Structure formats: C-alpha cells, structure tokens
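What follows is each chain in one-letter form.
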Amino acid sequence: MSTLETRTLLDLGEIGAGDGELVGGKAANLGELSAAGFRVPPGFCISTLAYDEVCREPAEDLLDRLPDSAAEIRSRLAGAELPAGLAAAITAAYAELGPDAPVAVRSSATAEDLPHASFAGQQDTYLNVVGEAALLDAVRRCWGSLWTDRAVAYRTANGIDHRAVRLAVVVQRMVDATAAGVLFTANPVTGRRSEAVIDANTGLGESVVSGAVTPDHFVVESGRVTAKRLGDKPASIRPKPGGGTESVAQQADLPSITDDQARTLAVVGAEVARHYGAPQDIEWAIDGDGTTWLTQSRPVTTLFPLPAEPLGGLHVYLSINVVQGVYRPITPLGAATLALVLTNLMRNIGVPAEGHRPKLWRQADGWLFADITGMTRSRFGRAIGPRVFAMAEARTGKVFDSLLDDPRLPLNPKIPWPLLRRIGGILLHTKAPIHLARTLRDPARTREELFGMVPEIRAALASDEPSSARERLAAARRGIAEVAVPRIARIPVRLVPVLFLSRLLPKLVGRAATAEEVQIVLRGIPHNVTTEMDLELWGIAQLARRDPGTARLFGESSPDELAVRYRNRTLPTDVQSGLDDFLARNGHRTVAEIDAGVPRWSEDPTHVIGLVANYVRTGESGHDADEQYRRGVAEAERTAAEIVSRLRRRNPLRARVAGFVVDRVRQLAGLRELPKYCIVLAIANARRHLQAVGEELASNDRLERADDVFFLEYEEIDAAISGADHRDLVARRRETHERELRRRNPPRVLLSDGTEPEAALPVATVDGRLAGTSASAGTVTGTARVVHDPVRAQLAPGEILVAPSTDPGWTPLFLTAGGLVMEMGGPNSHGATVAREYGIPAVVGVPEATTRIADGQRITVHGSAGTVELA
C-alpha cells in the first residue's frame, strides 16, 4: 500500500491492539483478531491522521458550543474536500480489494471499544458500499458521525473530552452472509461467565444490532444449547446489486442458524475471550460456505467485576458495600484499612485471623464482599441467614433464599461442630453471659462505660504524633490495632440483648399492639450518636435564623462562599463556634465514611455548611425538626404505656415483662450506632497519618500527588518509602476507580461464576404499587426527590427522599424529609433506624426505586405496608 510510510492508510494485518490512538478501537481490535489467527474480512484502515488533516480545522471553533453545535459540525464535514493525494490513496487501496468490490465502511473512534465504555452504535457504519465515489462519500459521513447527538451525549456521560477524540475509518470486503448477529461470551443479563448468548437473523447483521427485528436467541453452556427462542423476524437485511441494502421478507418461524452453528460460535467466542482475557461482545457473520467471520469484538463493559477466588467450586459473595450503604467503590487503601479493622476485631473477640484480611474477605475493583458460601450449605446458615439478611438488607434475604435450591450448593448434613466450637470460644473469650446480664440489669452503667470509651480513644489517638513517613505508617496501623479496636470489641456483646429484645417485642405484645404501634415505640430512641449529630446541625441553623442578618447571609450565599468564610473565621460568632464544636465531635465523619480514601468533613466542611444553609431556608416554612423529634419521643412513650396497659388487663405478668423489654430497648437501642462511630474515628486518624505520608512521598517524587497514597496498600506504601516507584500502578488503579465510580446498582449478592441472582427475581408490586419492606410506620404523600449523592442535595420540607441506600453521612437530609424510599436496606439498616427515630414513614429494599420513580413525581409512601404508590 503506497501510503504506509505516512501511516495514513494501513492494512488490517499490520494493526495491533496498541494502535488505538492511530486507528481507533474498532480497527485495533480487528487487527488484533486478525494477527491472532481469527478469520476477519480483509481490508484497510484510514487512520486518524486523515481525520486530523481534513476535519480538525472545520470543527475546532464549534467545540465549545457542544452539544448545540453538533449538527453544524456534521454539515461542515459532509462538505469537506479530501486532499487529492489522500483520495487517490484511498481509491488505490480500495482497488486492491477487487474491481468495484462491495465493502463495509465502519467508523472507528479513539474513544471506542474501551474496557469501560464500548460506544456500541454511537458512530455510523455503511454496508455494501460499491464504487470509488460512494466509498469517499461514506468516509466523509463516518467522520461526521463522530458528532451525532447520541455520540456527543455518550462521551459527555462517560467523561471523555470531545477535543481528545478522533476517528479512523475501516474499509472491509463485505461478507455475503446467510446469517449474522451478535455473540456475548458471557451472559450480559445475569452476568454468568460460563454462558454464551447469541442473537441471530438471516442476511446481514444490521437487523440484529439495530433492533429492527426480534432475533433468534440461543444460550450455550458447556457445549450444550440450554435455551433457544425463535424471534419475530419477518424480514432480513440483504445487499442490493450496485450498492446499498434492502429489507427482504422471509418466513419468520424458521431458525436463522442451526444448533451446531450456535455451538461453533460459542467455541469461537470462548477462544476470543481467552485471547483478550475478558468477556467479549462479538459481531459475526456466516457466509454461504458455512465459514464464520468476525466483524467486530469489544469488551462487555456492563459486567460486574469478579473477585479472584482462591478456592474451587461455586462461591456466594455478599456485598459489604451494600450492607454498609456505600454505593461507590472503596479506594485500595480504604479497603486495606477496613480489612485491618475487621481482622483485629476478630482477634479481639476470640476468632483466629491470620494475615491482613479475614479469610472470607473478597474484593474486586473497589467492591468488597464476604464469602457466605458456608451459610448456604449448612442447616444453621440456612435457618438464620434469611432472617439476619432481611433485617440488615431486606431483599438480600430473598436473594439468599433463591439460592438454596441450586444443585451446585448442596446442603452439608453434618452438624457444624467447628462453628459451634467457634461460637462457644467467642462467648468464653468475651465473657458474653456476664456482660449480657449486667447490661440488662443496669443499662445506664453500660451506656456510661461505652460512651466513656470515646474520649479514651480520642486521647490515645491524639497522643501518637510520629514525625517520619515510616513512623506515621506504623501509627496509622497502631491506632486501629492497639487503640481503637480493642475498645470497640467490647461493644457488640453488649448490643446482643437489644437485638434479641427488639425481635422479641412484637411476639411478646401479640394482639395487644399492631405492627405500626410497635414501630412507633421505636421512635425517638435516645443516646444515638447519629441522630444527636443531625439535631446538633439543626440547632446551629436555628442560631443562624435568630439573627436576620445571619439568616440573610445563609439564604443568599452558596455553600462554597460560606465555607470560605468559615475557614477565614468571618462567620457570625455563634455560628462559627457552633460549627467548631460540631466538627470537633463529628468532623471525622463523611459520606461513605468507611473509606479512608474519602475526605472528612473536618477537611472540607462545605457539605455540612450547605446543610445548615438548607435548614435555615426550610425553617422559614415553619418546619421544626427539634419539635418533630420531641413529638416522636412523646408519641413513643405514650404508645408504649398504652400497649402495656392493654396487656395488663389480659395478663399482668406479660405486661410487666413487656414493660421491661420496652424500657431496655429504648435505653439501649441507640448504642447500635456507637461501634461505627468509633471505627470511623480510627479510620479518620489513619487517614490523617496516611495523608502526611502521601505528602512526603509526593515531595520526594515517589508519587505524583499526595492523595495517590490512597491507591496503594500498606505494604506498597512501605516499599514506596524505601524507594519503590508505584506511579504507574497508581495510575492504573485510579483509572479503574474512576470507571467504577460510574457504575450504578452493585449486586447485593454475586456468584463466583459472575451470576447476579437478583436478576432472576421478579420486581415485586402490590396492587400496582412498588413493594419493599416496612422500615418506619406512617403514610405520607409528597414530591419525590431522587438523590444519588447527598453532597449539595437539598430537600424542601415534606419532600420524599428516594435514594439507592444511605449511611450516616446521608442522615442530615432526613431532618427535612417527609418520607424515605431506599433501593437497599432493611429494618435495622442505618437509614431505617434513623427514619424511625425521626418519625418519618420509610420503605426500604425497593428494587430500582431510583429509576422507577421520577424526580419531582408525586408519590405516597405507605410505611406500615412497605409499599410506594406512584401518582
């Protein structure tokens, strides 16, 4: 090819996977497939150098006006004149494919077929192009398709710079296809990696990829066609003589490919996936001789990443992210820090734990899991698993139940003696029976003892002030292993009574109280550090509202402007000191606070100050969160007295027991937030030391910037202090983290073969209402406010918060919310607990709530029934 020296035109056989910037993702993958020995139609690529030469200048002045200028860019490129030398080179290369050969002309963008964004269908392809003039016109139209509205929107959504993207064009000889379609080497719906999924129709594949027909559908696993469904395909796309395509009627009920051809496609797909080391989305065609051709291969970008499994067989993973209400990936150092907390917690309650991670800990690209396979296979696990999961994360219990009939997870009939011995060892090590009795006898003393640990932990952490990076690294670990966790380990055993009594209460009162009344009894629980934190913020807002000038300042200034004033110490004195006190107690907290890689409120108080400003504005409407909380306390105490009174008339002894249970639950239930509060203290302290380490490494050119340290693990930081250069490793991990931040809906449960079992469960509805689990009683109708990130989110009084999940960093929004709907969570999750204490109706575990409910839509939350009614 005469222009190979300039790299403007290249034969597909000369292109490799590393040439993406020159030839775009599609051409790079085709070249790689060809070089690996897979059958790819012959052709050539017009590289991005040609795009630069012809298209850069006409488009340049319009880029700042995107997306509005996209149509004008396309118009300019459609009329662009190709330089004579480039046009001659293209037509010469075309002639080498045969006289007036029918070709496919395909767009190949540099931001295409990437591991995190496939760009499937975003740029244009032209089939059965015949003749030089038609070819050059198709090339121009491909260049223009880089600026279709859909391509511009897709790049924007994936954070890809419009100025950085360029487009190459692939020209390939057409396959005279008898059948064509798409092959996924892993099931894109369930995630199962062992299943190949094939969609097919007769003729060209355009009818399948465009969605013009319902294709024949095949699922192949282990060499067997396990599912086959013939589609409604009344027509196929065929090449027309002289160029172009047409739709041709056909008999719709005949299969487009045979079972043998489906099995062959699955084998070829598996080989391609092995070559790339990842599941692939492949476009294929079968010609009249029965030969299979590959016309495209790209990563399947929607599959959830799988943990590396060190053991054989099928494993079941429970999402730690979902359980903790963290809908985002954890940084590598955040995961390592959390693993350090859990490992030391296990040791302190008498559970042997080797190494730096618990034995059942799994992680993949920032998503954390616990291996719960053993629970699915034991009678004990099957008995308690659904109940435990249902309380913490309602729908997880249903998913767990759905796995128990899977023949790959057979029941182990043996008595689990090792587990029973382990439980016995924990009881002895922690002296649980003694502490249980003391807690029930004297809850006030228990509270005094446990809350007294907070200043102890603070003082011990503050006293450890090393100077060098290596000493700080050791201090970060020491603060967790030697200071915080030994004290925190004393809390869970004292919480067991309240968990037991909370479950006992509904059975104990029986028909003397409705389920709604039992939930009302749990409102306004005292001694909860999270609700106290929220109400303290509300109190600061009331300080601001008392002075008209301060109220005006908070009403008219942005959170960023107010944060600058706070840092400069120029806020009004009462508010300034109130925020100082609040951050002294709660500055270690934040949204997604279990991740050491996330900045704390003390580092950036903008979100907190924005909440105060929102409270100032909402207070003008007459909403009073303090009064609402007090009413909840009064209603809970009044309802409890009424229930006991009813019981006394029927059974005095039972009434006395019920009174005791209610009293102990209300005195102790607030402690459930204390362990996490203390754990986050230790995590924030570790972050403080690790930031200083990062600053030293950055100043010594071991890292690009200080916060890169959060993309390393402890051993890697130690190596970096000794001189190791981990900058490339950090860059790769940052790229992975940014990709995963865009992912929505992490699975509650994941199988080691990639299956997301929840995908097979029906989305529950009750009389046309969305169904979840009751978390807080009451009914409220209001405007839905769908929030994915609480930072800078604002709720007007009475609006209903609809969220994927919540952790304590979300709960200040509850003070103005009229109700709560969550996709994740159970009756004992953080969000449910705080909603009850504020007396706002709440339904949790509502699948797809943030997509099925539109922002601004009118909805009714039936908290007692566990349903959401859409207007």
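About the criteria used
Residues numbered from 1 in each chain as written. Predicted model: local features only at pLDDT ≥ 70, side-chain atom pairs only at ≥ 80, totals over all residues. Heavy atoms only, no water. Helix = DSSP H or I, 4+ residues; strand = E, 2+ residues; numbered from the N terminus. Expected span 1.5 Å × (residues − 1). Bend = angle between axes of the 7 residues up to and from the residue. Buried < 20%, exposed > 50% of the residue type's maximum accessible area, 1.4 Å probe, protein only. Pairing = 2+ DSSP bridges. Axes fitted to C-alpha atoms, helices over the stretch in contact; angles between N-to-C directions. Contact = heavy atoms within 4.5 Å. Polar contact = N/O pair within 3.5 Å; in protein donor to acceptor, adjacent residues only side chain to side chain. Disulfide = S-S within 2.5 Å. Arc of directions from axis to C-beta. Salt bridge = Lys/Arg side-chain N within 4 Å of Asp/Glu carboxyl O. Patch = residues over 30% accessible without salt bridge, like charges linked within 9 Å, V, L, I, M, F, W, Y side chains within 5 Å. Areas by Shrake-Rupley, 256 points an atom, 1.4 Å probe, with all protein chains shown as cover.

*Asks:* Residues and numbers for helix α18 (residues 469–488), please.
*Replies:* Between its first and last C-alpha, α18 extends 27 Å over 20 residues, near the 28 Å set by a 1.5 Å rise per residue. Within α18, the axis deviates most sharply at R478, by approximately 40 degrees. Taken together, the buried positions of α18 are A469, R472, L473, A475, A476, G479, I480, V483, A484, V485 and I488.

*Asks:* Before we move on, could you go through the sheet that holds strand β8 (residues 216–221) and cite the residues and values that matter?
*Replies:* Spatially, six strands are ordered β9-β8-β7-β6-β12-β13 in an open sheet, and the strand pairing comes out antiparallel. With one partner strand each, in any of the chains shown, β9 (224–229) and β13 (292–299) form the two edges of the open sheet. For this sheet, the mean angle separating the axes of adjacent strands, direction not counted, is 20 degrees. As defined by bridge partners, strand β12 (residues 280–287) adjoins β13 across seven bridges and the pair is classed as antiparallel. Bridged to W284 within β13 is L294. Against the sheet, helix α8 (residues 259–276) contacts β6 (177–184), β7 (195–202), β8, β9, β12 and β13, and its axis sits at roughly 135 degrees relative to β12.

*Asks:* I'd like to hear about the environment of Q261, residue by residue, with values.
*Replies:* Along the chain, the position of Q261 falls in helix α8. On the basis of relative accessibility, which here comes to 26%, the residue Q261 falls in the partly exposed class. In the structure, Q261 is positioned 25 residues away from I286 in sequence and 9.0 Å away in space, judged by C-alpha atoms. At 3.0 Å, the side chain of Q261 forms a polar contact with the backbone nitrogen of T258.

*Asks:* Now, about the state of the cysteines: what can you tell me, with residues and values included?
*Replies:* Note on terminology: a disulfide is the covalent bond linking the sulfur atoms of two cysteines. This model, assessed by the stated rule, comprises zero disulfides. Cysteine C142 shares no disulfide, and the gap to the nearest cysteine sulfur, in C45, comes to 11 Å.

*Asks:* How would you explain unusual backbone geometry if you had to name every residue and give the values?
*Replies:* Peptide bonds are mostly trans, and most non-glycine residues show a negative phi. Residues L66 and P67 are joined by a peptide bond in cis, for which omega reads 5 degrees. Phi is positive for N128, which is not a glycine, with a value near 55 degrees. By the element assignment, N128 lies in strand β4 (residues 125–129).

*Asks:* A description of helix α22 (residues 548–556) should follow, citing residues and the corresponding values.
*Replies:* Looking only at α22, the buried set comprises T550, A551, L553 and F554. The arc that holds every buried residue of α22, seen down its axis, measures 160 degrees, which confines them to one face. When the buried face of α22 is taken as reference, the exposed residues oriented beyond 90 degrees from it are P548 and E556.

*Asks:* Could you give an account of the pattern of salt bridges, naming the residues involved and the relevant values?
*Replies:* The full count for this structure, using the stated rule, is 58 salt bridges. Of the charged contacts, one joins R7 and D19 as a salt bridge, the two residues approaching to 4.0 Å between their closest N and O atoms. Of this pair, R7 sits in the segment before β1 (9–11) while D19 sits in the loop between β1 and α1 (20–35), and the two are 12 residues apart along the sequence. The partner of D560 in a salt bridge is R792, with the nearest N and O atoms 2.8 Å apart. One end of the pair, D560, is in helix α23 (residues 559–567); the other, R792, is in the loop between β21 (779–786) and β22 (800–803), with 232 residues separating them in the sequence.

*Asks:* I'd love a proper account of the pairing of strand β11 (residues 245–249), names of residues and values included.
*Replies:* Relative to β11, strand β10 (residues 235–239) runs antiparallel, the two sharing five bridges. Bridge pairing links I237 to S247 in β11. Taken together, β10 and the strand that follows it, β11, pair antiparallel across an intervening segment of five residues, in which G242 is found at a positive phi of about 85 degrees.

*Asks:* Residues and numbers for a nonpolar patch on the surface, please.
*Replies:* A contiguous nonpolar surface patch, about 750 Å² in accessible area, is contributed by F380, I384, V388, I415, W417, L419, L420, I423 and L427. Elements supplying a minimum of two residues to the nonpolar patch: α12 (379–392) and α14 (417–430). If one sorts the elements of the nonpolar patch by residue count, α14 sits on top with five residues. Mapped onto the elements, I415 comes out in the loop between α13 (394–403) and α14.

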